[in-house]
2 protein chains.
Amino acid sequence: MKPYGEMTREELLELKKGLSEQYREFQGRNLQLDMSRGKPSSEQLDLSMGMMDVLGSSDDLTCEDGTDCRNYGVLDGIAEAKELIGDMIEVPADNIIIYGNSSLNVMYDTISRSMTHGVMGNTPWCKLDKVKFLCPVPGYDRHFAITEYFNIEMINIPMTPDGPDMDLVESLVSSDDAIKGIWCVPKYSNPTGNSYSDQTVRRLARLKPAAPDFRIYWDNAYGIHHLYDDVQDNVLEILAECKRAGNPDLVYKFSSTSKISFPGSGIAAIAASQNNLADIRKQLCIQTIGHDKVNQLRHVRFFQNIHGMIEHMRKHANILRPKFEAVEEILDRELGGLEIGRWTKPRGGYFISFESLDGCAKAIVAKCKKAGVVMTNAGATYPYGKDPHDSNIRIAPSYPPLSDLITATELFALCVKIVSINKILAEKETV
Amino acid sequence: MKPYGEMTREELLELKKGLSEQYREFQGRNLQLDMSRGKPSSEQLDLSMGMMDVLGSSDDLTCEDGTDCRNYGVLDGIAEAKELIGDMIEVPADNIIIYGNSSLNVMYDTISRSMTHGVMGNTPWCKLDKVKFLCPVPGYDRHFAITEYFNIEMINIPMTPDGPDMDLVESLVSSDDAIKGIWCVPKYSNPTGNSYSDQTVRRLARLKPAAPDFRIYWDNAYGIHHLYDDVQDNVLEILAECKRAGNPDLVYKFSSTSKISFPGSGIAAIAASQNNLADIRKQLCIQTIGHDKVNQLRHVRFFQNIHGMIEHMRKHANILRPKFEAVEEILDRELGGLEIGRWTKPRGGYFISFESLDGCAKAIVAKCKKAGVVMTNAGATYPYGKDPHDSNIRIAPSYPPLSDLITATELFALCVKIVSINKILAEKETV
């Protein structure tokens, strides 16, 4: 089929008639499907049920160093958990603090602490007139929600297939000392699925920020979340790269086992330089006596080591891969060649990013919803929920069963077609 | 034996000689004992090992309302956990948000949120020149550490056996709008072991604060932590009392299962009015997707209901009671009638509070340490670590085995005697 843009008004109207008929059929099916959030499916959750058995009443809940995990103490995590998470995120165990169940909470705490107490002796942000963050877009809505909540001005940075536009990042960061951070999802990025190139990581590590308390907020959310065994993205380890660049304190690296074991019942961590960790511990020792060590031990006993974890991720991939492939197959088949949208084909992570014609995303998502399929809100992938092109839609294939996913994606493709035709027709009117 | 104060210089010197001999004997024993923190003993922890078995790989981790506890979601806790904790702290489930593993963390978050975002629409504290808190003393060092960390000025309020000096509290709170809160441990208070009288609770609930964002920070740490079956303290439920008084938003009530199940691996909660909870949820939904629901479910399945929890607490009491009684017996025997110290005989909680002669607490704790027994630092029970009388020492009998505890307490009594004699002798010199 030829591109919609090359069709005549009459051809488009004829096409729309048939598509609208199909849409009414979908509406008649009373669908209730959800492609909005990056949630694992229950089949994936079943993979970790063995975790419920590794600590029983007859097991010893003692660490190798003699720590009784059942009692108070051990502010920054048991040694075994630091080693496991260290291997997972390619950072020495000494550079890690283990937290509670959520890396989002760790990021929130990090920003909150910077507001009230500043970063490594610098002025608390709440005492400054203006604080700004760089936000590669499209990006993760919950990152943007944290910075918005703290009234931090967010500046859009376009994402390229290699990561954020580094020319822009370098020029802004080096010239404006109100810029205190940049949100990054370096691997299988949310939502584009792209991974930062070596060159991007090297340039980030070599930033010369005007602000001494500028930090890279490195959300390593999908570090081992590959879809394939043979083709896998690799991202340079940022802490080591910052150290090599003479900028050891430049980065906070966040991660968790949320999409490895159980979301909400995993363990989270921050990795950073010793200077940063010392700064963080000053707060941490006021905030808590220690996080959940029993759950840390449970994770260690279940995965045993990084090899166990990698094996486990292979099982996740086996469930996720067919879902990603199904979405891609439908988009290729239904939308290929029409020039009304582009989409990513990630090798890992939880999302496919769809770019519609400008000004169509909100209408597409609304049209899907009217037929019973919930997508992530259009605009959600941009700060303040404002996509300047109204074109980005995040597709989350993980949660629905495959059959539902196929139905939902077919409806989505249909909505893309109808909304695109409406747009092209409207443009023809105004010409 | 007659009071030391009535002895002659010669009698005291003679007495000291024998006591110093005993002290040297203790030193020769190379003791390494710890009476510093309110940690449960491993015997107590064993009581909850059954919790490790209630959720196995063949169990259904689904709530009554169909929520899969293994996945993301449920911001403020599963219904079953709210009901259990509600019964535990005598508050309707609707007034509760379940948090992570630590009520200390909830208190920290509450103060931190007030700093950056204010309380229910009032000015964020970080924008104010001065914020003050009332601190009943002696009190809990970790409370004071939070307010100190946020540079909040702490004002000492003397504790009476009925709770804080309410005349002083009322006059300060009603006249100074910089006073934003009061730290309270209402039942089996840390460290005195006293409980607030009905009259105290009623007067707190009827405070007329100058600051609209003044709150009572009600740390219900020992609500069901009785030592005896027959004699138990009862404290009026503060949320209901505030409601009755027309001040429904006046209080945040904190609690956790830390000293019920496993410290560090329990569940924590806040209880407050709907207005306060709505204010808190605005932050919570930015901070996290949800706390550890699997652990919430684990607690519910283990305790079943409040009856199960009360039964469980009886087992804790059976382990703790002999320890408290041993300490009290030794203090009575060794120090009774000497008029060199007073101590509390609590009916619950985790501490005995000792009042030495003025100016002796630091010296007593130091002398214990030199013979291998670690006590809570003298001064720790006061804001900024400054006990104006240098007289309060917190005794924590829970952790050491009984035989160690007896040794440690005997050494403690000996140190009290020696340090007191030194003080009385020094006074006689200067007269």
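If you're wondering where the values come from, they're calculated on a predicted model, not measured in any experiment. (Residues numbered from 1 in each chain as written. Chains lettered and ligands numbered in written order. Predicted model: local features only at pLDDT ≥ 70, side-chain atom pairs only at ≥ 80, totals over all residues.)

### Let's talk about the relation of the copies chain B and chain A
Next, step 1: Its rotation angle being 180°, the transformation that places chain B on chain A also includes 0.0 Å of axial translation and leaves an RMSD of 0.1 Å. Taken together, the rotation and translation relating the two chain copies correspond to the operation of a two-fold axis.
Next, step 2: A high fraction, 100%, of the interface residues of chain B reappear at the interface in chain A, so the copies pair face to face through one surface. (Least-squares fit on C-alpha atoms with pLDDT ≥ 70 in both. Contact = placed C-beta atoms within 7 Å.)

### Points about helix H3 (residues 79–89) of chain B
All names here are of chain B.
Next, step 1: Among the residues of H3, those classed as buried are Glu80, Ala81, Lys82, Leu84, Ile85, Met88 and Ile89.
Next, step 2: Where H3 is buried, its residues meet strand E2 (96–98), strand E8 (251–256), strand E9 (268–271), helix H10 (293–303) and helix H11 (306–335).
Next, step 3: Positive phi appears at glutamate 90, one or two residues downstream of H3, with a value of about 60°. (Buried ≥ 20, exposed ≤ 12 C-beta atoms within 10 Å, placed from the backbone. Helix = DSSP H or I, 4+ residues; strand = E, 2+ residues; numbered from the N terminus.)

### Here's the deal with the nonpolar core
Next, step 1: Among the nonpolar cores identified, the biggest contains 258 residues, and Ala269 and Ile270 of chain A together with Ala269 and Ile270 of chain B are the most heavily contacted of them.
Next, step 2: In this structure isoleucine 270 of chain A touches Ile97, Tyr99, Val106, Tyr252, Lys253, Phe254 and Ile280 of chain A, once residues within four positions along its chain are discounted. (Core = buried A, V, L, I, M, F, W, Y, C linked by C-beta atoms within 7 Å.)

### Here's the deal with the packing of helix H4 (residues 103–117) of chain A against helix H5 (residues 141–149) of chain A
A pair of packed helices is characterised by two quantities: the angle between their axes and the separation of those axes.
All names here are of chain A.
Next, step 1: One way to put it is that H4 packs onto H5 with a least axis distance of 10 Å and a crossing angle of 25°. Between H4 and H5, the crossing angle belongs to the class labelled roughly parallel. The crossing of H4 and H5 is right-handed. Contact with H4, carried on its side by Leu104, Met107, Tyr108 and Ile111, involves Arg142, Ile146 and Thr147 of H5 and no other residues of that element.
Next, step 2: Looking at the contact of H4 with H5 residue by residue, the class counts come to 5 nonpolar, 1 polar and 1 charged. (Axes fitted to C-alpha atoms, helices over the stretch in contact; angles between N-to-C directions. Parallel < 35°, antiparallel > 145°, perpendicular 65-115°, else oblique. Left-handed = near helix turned anticlockwise from the far one by under 90°. Nonpolar A, V, L, I, M, F, W, Y, C, P; charged D, E, K, R; others polar.)

### Some thoughts on the sheet that holds strand E5 (residues 163–164) of chain A
All names here are of chain A.
Next, step 1: Reading across from one edge, E2-E9-E8-E7-E6-E3-E4-E5 is the order of the 8 strands in this open sheet, with mixed pairing throughout. The open sheet terminates on both sides in strands that have one partner only, identified here as strand E2 (96–98) and E5.
Next, step 2: Sheet analysis places strand E3 (residues 132–137) next to strand E4 (residues 153–160), joined by 6 bridges and oriented parallel. Opposite cysteine 135, over in E4, you have asparagine 156 as the bridge partner. (Pairing = 2+ DSSP bridges.)

### Side note on the domain arrangement of chain A
All names here are of chain A.
Next, step 1: Domain assignment breaks chain A into domain 1 (4–44 + 310–430) and domain 2 (68–303).
Next, step 2: A C-alpha centroid distance of 30 Å is found between domain 1 and domain 2.
Next, step 3: Listed per partner, the contact involves 26 residues of domain 1 and 29 residues of domain 2.
Next, step 4: When residues in the side of domain 1 that touches domain 2 are grouped by element, the largest group, 8 residues, is from helix H11 (residues 306–335).
Next, step 5: The class makeup of the residues in the side of domain 1 that touches domain 2 is 14 nonpolar, 7 polar and 5 charged. (Domains from an automatic or database assignment.)

### So, the interface of chain B and chain A
Next, step 1: Of the residues lining the interface, 44 residues belong to chain B; the matching set on chain A comes to 44 residues.
Next, step 2: The element that contributes the greatest number of residues to the side of chain B that touches chain A is helix H4 (residues 103–117) of chain B, accounting for 6 residues.
Next, step 3: Looking at the side of chain B that touches chain A residue by residue, the classes come out as 19 nonpolar, 18 polar and 7 charged.

### Side note on the environment of glycine 121 of chain B
Residue and element names in this part refer to chain B.
Next, step 1: Tracing the sequence through the fold places glycine 121 in the loop between H4 and strand E3 (132–137).
Next, step 2: Given 10 C-beta atoms within a 10 Å radius, glycine 121 is considered exposed.
Next, step 3: C-alpha of glycine 121 to C-alpha of proline 212: the two residues are 91 residues apart in sequence and 9.9 Å apart in space.

### Things to note about the pairing of E4 of chain A
Residues and elements named next belong to chain A.
Next, step 1: Between E3 and its parallel partner E4, the chain crosses via H5, and the hand of that crossover is right-handed.
Next, step 2: Where E4 meets E5, 2 bridges bridge the pair, whose relative direction is antiparallel. Following the sheet pairing, methionine 159 is matched in E5 by proline 164.
Next, step 3: Connecting E4 to the next strand, E5, in antiparallel fashion are 2 residues. (Right-handed = clockwise from strand over helix to strand, strands pointing away.)

### With respect to the sheet that holds strand E10 (residues 341–343) of chain B
Residue and element names in this part refer to chain B.
Next, step 1: An order of E10-E11-E13 is seen for the 3 strands of this open sheet, with the pairing classed as antiparallel. Each of the sheet's edge strands pairs with one partner strand only, and the pair in question is E10 and strand E13 (392–395). Within this sheet the neighbouring strands show an average axis-to-axis angle of 20°, counted without direction.
Next, step 2: With respect to the sheet, helix H12 (residues 361–370) is in contact with strand E11 (352–356) and E13, its orientation differing from that of E13 by roughly 40°.

### Things to note about the confidence of the model for chain A
Next, step 1: A residue-level look at chain A finds 100% of positions with pLDDT of 70 or above and a mean pLDDT of 97.
Next, step 2: We note a pTM of 0.97 for the whole complex and an ipTM of 0.97 for its interfaces. (pLDDT = per-residue confidence, 0-100.)

### A short note on H5 of chain A
Next, step 1: When H5 of chain A is considered as a whole, its buried residues turn out to be Asp141, His143, Phe144, Ile146 and Thr147 of chain A.
Next, step 2: The secondary structure elements touched by the buried residues of H5 of chain A are H4, E3, E4, strand E6 (179–184) and strand E7 (215–219) of chain A together with helix H9 (274–287) of chain B.
Next, step 3: Once H5 of chain A ends, the next one or two residues include asparagine 151 of chain A, with phi positive near 60°.

### Overview of unusual backbone geometry
All names here are of chain A.
Next, step 1: Between valine 137 and the following residue, proline 138, the backbone shows a cis peptide bond with an omega angle of -5°.
Next, step 2: Secondary-structure assignment places proline 138 in the loop between E3 and H5.
Next, step 3: Unlike most non-glycine residues, methionine 120 shows phi in positive territory, near 45°.
Next, step 4: As for its placement among the helices and strands, methionine 120 is situated in the loop between H4 and E3.
Next, step 5: Since 17 C-beta atoms lie within 10 Å of it, methionine 120 is described here as partly exposed.
Next, step 6: Backbone geometry places tyrosine 384, a non-glycine residue, at a positive phi of 60°.
Next, step 7: Looking at where tyrosine 384 falls in the secondary structure, it is placed in the loop between strand E12 (373–375) and strand E13 (392–395).
Next, step 8: Looking at tyrosine 384, the number of C-beta atoms within 10 Å reads 12, which means it is exposed.

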